[in-house]
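A structural walkthrough
Read off the chains here:
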Amino acid sequence: MSKQVSGIAPIPKAVALALGGAFLASGAYAQSAQKQERIEITGSAIKRTVDAEGALPITTITAKELRETGVTSTEEALQKVAAMQTTLTSSQSVGSGTGGKASANLRGLGSNKTLVLLNGRRLAAFAFDSQSVDLNAIPFAAIERIEVLRDGASAIYGTDAVGGVINFITRSNFTGVDLSVESYRPSKPGGSQQRLSAAGGLGDLNKDGYNAWISYDVRSVEALAAIDRNFSRTGFDPSRGLSSTSGTSYPANFTYTRLSDQRLVGGNATRAAGCVPPLSIADPAFPATCRFDFTAMVDAIPEQELRTLAARGSFKLGNNIASLEFVRADNTNTARVASDPVTGLTMPITSPFYPRAFPGIDATKPVTVGWRMIPGGKRTNEAESVAQRAVFDLTGSYGDWDYKAGYFDTVSRAKETIRDGYVNKALIQAGVTSGLLNPFGDNTPAALAAITAAKMTGSPTQAKGTTKGFDLRVSRELFAMAGGNAGLSVGLEQRLETYRNDTDDAVVNAVPSLGRSPYHAGGTRRVTAFTGEMLFPVTKELELQLALRTDKYSDFGTSSNPKVGVRYQPMKSLVLRGSYNTGFRAPALDDLYGPNAVTFTSDSYNDPLLCPGGRVSAQGVDVRDCGQQPQALTGGDPLLKPETSKAFTLGFAFEPFQNGTISLDFWKIELKDQIGAFPEQAVFEDPSRFAARYTRCNQLSAAQQALYDRCQGAYANSRAIAFIDTRTSNLGGVKTNGFDLTAAYAFTTGLGRTALTYSGTIVSSYEYQRVAGDPFIPNVGKYVDSSPIFRGQHVIGLDQKMGALGVSFAIRHKSGYQDQNSGGQTNTVGAYTLADLGLNYQVAKGFVVAGGLKNLFDTDPPLTNQVSTFQRGYDPRFTDPTGRTLWLRVSYSAK
């Protein structure tokens, strides 16, 4: 249950307690009734009294709430924010090379337009893409609360705050000891979790003049195989509208020369017997070949181990406080997918396994083989990432001025390692040529030993990104106005960003299925920013906020972005608020300098020239051109333009009765020159318009053709697709608007204190362009290109406190949408609703036992035919495949 800062002054204490006990950034509501403490809130750099808060729509989630509902990670915590359209989860590392990254995406504008802060300062963007922060870098065990500003804040924080700001705030002035042990056990196999955390602190900053604390957390996640859940165990179930398979099968498909007309066609020696189910399936469209159900061999959830360390020391120096903060996160993500699909192998007629008995074959010519290397086992990728940040901070006052200065040094390192299942194609080709290896059936012990010897291990890619710099901000009250004293804040920030991304060329050249090309890319950028903000309490009822930020980029010139905020309180129980701001986002270093490399498309397609409508043409080859994943050229473009945006909010917060609040905010965002990978779906949807994005084998030299799977062997100089161009581009505009609604009510009965909370987001419109000048494409309630936009998302909470016993109940809901339906299906994805139950009991002072059931009703994810992720039958980006999970936590705290 998240709570909404309403801005009504004063908020009843019962409501503040109902909303998690952390009403304000100061952390103590009771003190605010005694003195008007001046604090700094997310979304403003000016300190103000707590009763003046409310001009900005902020949602706060406390660590206490998260613990009581069994939340185990930052990515899971953000699922309680209704404005969050998607969260890139660690599960997306399965087959996609994300490096185990998890990221946030407010308003559906992209993770690169949601700014993630730790204690109000930046972390380094994830090394592999330099786009956004990896949520795994946040020290979850040390978090005290999360503040989500659901409003553009480029004028305060910088360019990437277009969609909003998420500020994770750690403990402060912590003393004593906190210990906890947690276990999460699903009712079905796979996906269990264990966690151990410990924290200790000493010294009271106010009494002793110093405070130091340290926190360490270890979380391990057991892999969940897709085959262990009925809804995800297969990608081929025509009765459910699923028909997602690969043309690289086991036993192997092959392309042969038909004797009657010398045409290249596909075949499989086991097809007449029905292939080799359950993994090898007869292809209904092409009766001579087999398809492979790769879904049955992938992970739904990868194995993960995350270790985080956080420490902070603070010392009073007169009226000043000097602090040193250090955070480090080590994340290891191990994902498994189907066995290596080795294509483009040439089998000579001298091989004892040559399919000379296959009907119609011209046995005088070699065949081209695509072999799923089942004997080599599952492909296993291990992604290791390290994120760390050190900050020195000096905060205090001098005369009438408050100041905050700091130096920060952040780094993100990532490395991908192949552990098993990948083979050296050249060695497999040698075994096929010699007649040792049999792609069409069982292999001898000597052949299996040769396959094992051909396995590759190593680190194909590694990357590093850094951000270091300093900031200084000063603020003070100015002249008196009718509603109070005007406020001023000015600031300076300077930072240096670096980025480096390299491959081990020998590894990527030897293993084509990695979807990598050799590359060595990097870039550097300096940014200097000047900020100014003024607060004018024009009357006791009316407050005006003006802000301006000017960013100077070493590679993109200068941009200035203003913000205007208004707060009007005509009566004690009602606050009206609104804001307008512009934004500017320079392309990330990866957008500009990201390696131009070839990978595979996420979806499978028919070649519009050689297999139009799924029917192979005279020059086409079914196993090459129909229902396949062609290669795609990805990477940055140094000629990209910056993104610009405008955002507007208007709303109110109302206290209709004692201990009850409600707020409603309208928001509208317009974005121009959106930066992103050109959608592969558009390339295949309109091949005539985007013909220039196709490169075919016969357009390349012999040396170039050797780099692409579809141009090798018998396919050389053919009209097959070598690759499509999906490199990063300025795609066009985005226009979206909607409403955020929150409500809370707290009351006390003979049973104790009861609190009810609601948070919801309705997206009225979301439209975007693939290319500037094109018509806008509606996306709300529809899966378009690579994802849907949910029309409605809601989080409902109930907390009941009865002495030493506490009970929490939460419901999370996402509306349904029209499915991807890329195969001509007409499926509508159903709504998704989860309920979580938690109980906690204070056994003795400081000793608490908690437990509950996540996904209380064991709700399966709704059926979808999406083909944009390796997992099929459901969408891992929006749903949880684990099922009902029993959790238990034992904790001890001593102050």
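Each remark here, short or long, concerns the structure printed above.
In this report, we go over the structure that sits alongside the text.

**Describing the overall build of the protein chain**
Across its full length, the protein chain carries 13 helices and 53 strands. Taken over C-alpha atoms, the radius of gyration comes to 29 Å for the protein chain, in line with the 29 Å a tight globule of 895 residues would show. Counting only C-alpha atoms, the protein chain reaches 95 × 60 × 50 Å along its principal axes. Across the 895 residues of the protein chain, 59% fall into the buried class. For the protein chain, long-range pairs separated by at least 24 residues make up 70% of all intrachain contacts whose partners lie at least 6 apart in sequence.

**What to know about unusual backbone geometry**
Note the cis peptide between Y250 and P251, where omega equals -5°. Take P251: it is sitting in the loop between β16 (242-243) and β17 (253-257). With an omega of 10°, the peptide bond between P277 and P278 qualifies as cis. With respect to the helices and strands, the residue P278 is situated in the loop between β18 (264-267) and β19 (280-282).

**Looking at the pairing of strand β9 (residues 143-149)**
With six of seven residues buried, β9 lies mostly within the body of the structure. Sheet analysis places β9 next to strand β10 (residues 164-170), joined by six bridges and oriented antiparallel. Looking across to β10, one finds that V148 is bridged to I166.

**Quick word on a nonpolar patch on the surface**
A contiguous nonpolar surface patch, about 660 Å² in accessible area, is contributed by V177, L179, Y841, V843, F847, L888, V890 and Y892. Where the nonpolar patch is concerned, the elements lending two or more residues are β11 (176-186), β51 (832-844) and β53 (885-894). Assignment of secondary structure puts Y841 in strand β51.

**A look at the sheet that holds strand β25 (residues 367-372)**
In a beta sheet, neighbouring strands are held together by backbone hydrogen bonds and run either parallel or antiparallel to one another. The four strands are arranged β18-β17-β25-β24 in an open sheet whose pairing can be described as antiparallel. Pairing within the sheet leaves two strands with one partner each, and these edge strands are β18 and β24 (341-347). Across the sheet, the mean angle from the axis of one strand to that of its neighbour is 20°, orientation sign disregarded. On top of the sheet, helix α7 (residues 425-434) reaches β24 and β25; it is set at about 40° to β24, its chief contact.

So, how was this worked out
Residues numbered from 1 in each chain as written. Predicted model: local features only at pLDDT ≥ 70, side-chain atom pairs only at ≥ 80, totals over all residues. Heavy atoms only, no water. Helix = DSSP H or I, 4+ residues; strand = E, 2+ residues; numbered from the N terminus. Rg over C-alpha atoms; globule rule 2.2 N^0.38 Å. Buried < 20%, exposed > 50% of the residue type's maximum accessible area, 1.4 Å probe, protein only. Contact = heavy atoms within 4.5 Å. Pairing = 2+ DSSP bridges. Patch = residues over 30% accessible without salt bridge, like charges linked within 9 Å, V, L, I, M, F, W, Y side chains within 5 Å. Areas by Shrake-Rupley, 256 points an atom, 1.4 Å probe, with all protein chains shown as cover. Salt bridge = Lys/Arg side-chain N within 4 Å of Asp/Glu carboxyl O. Axes fitted to C-alpha atoms, helices over the stretch in contact; angles between N-to-C directions.

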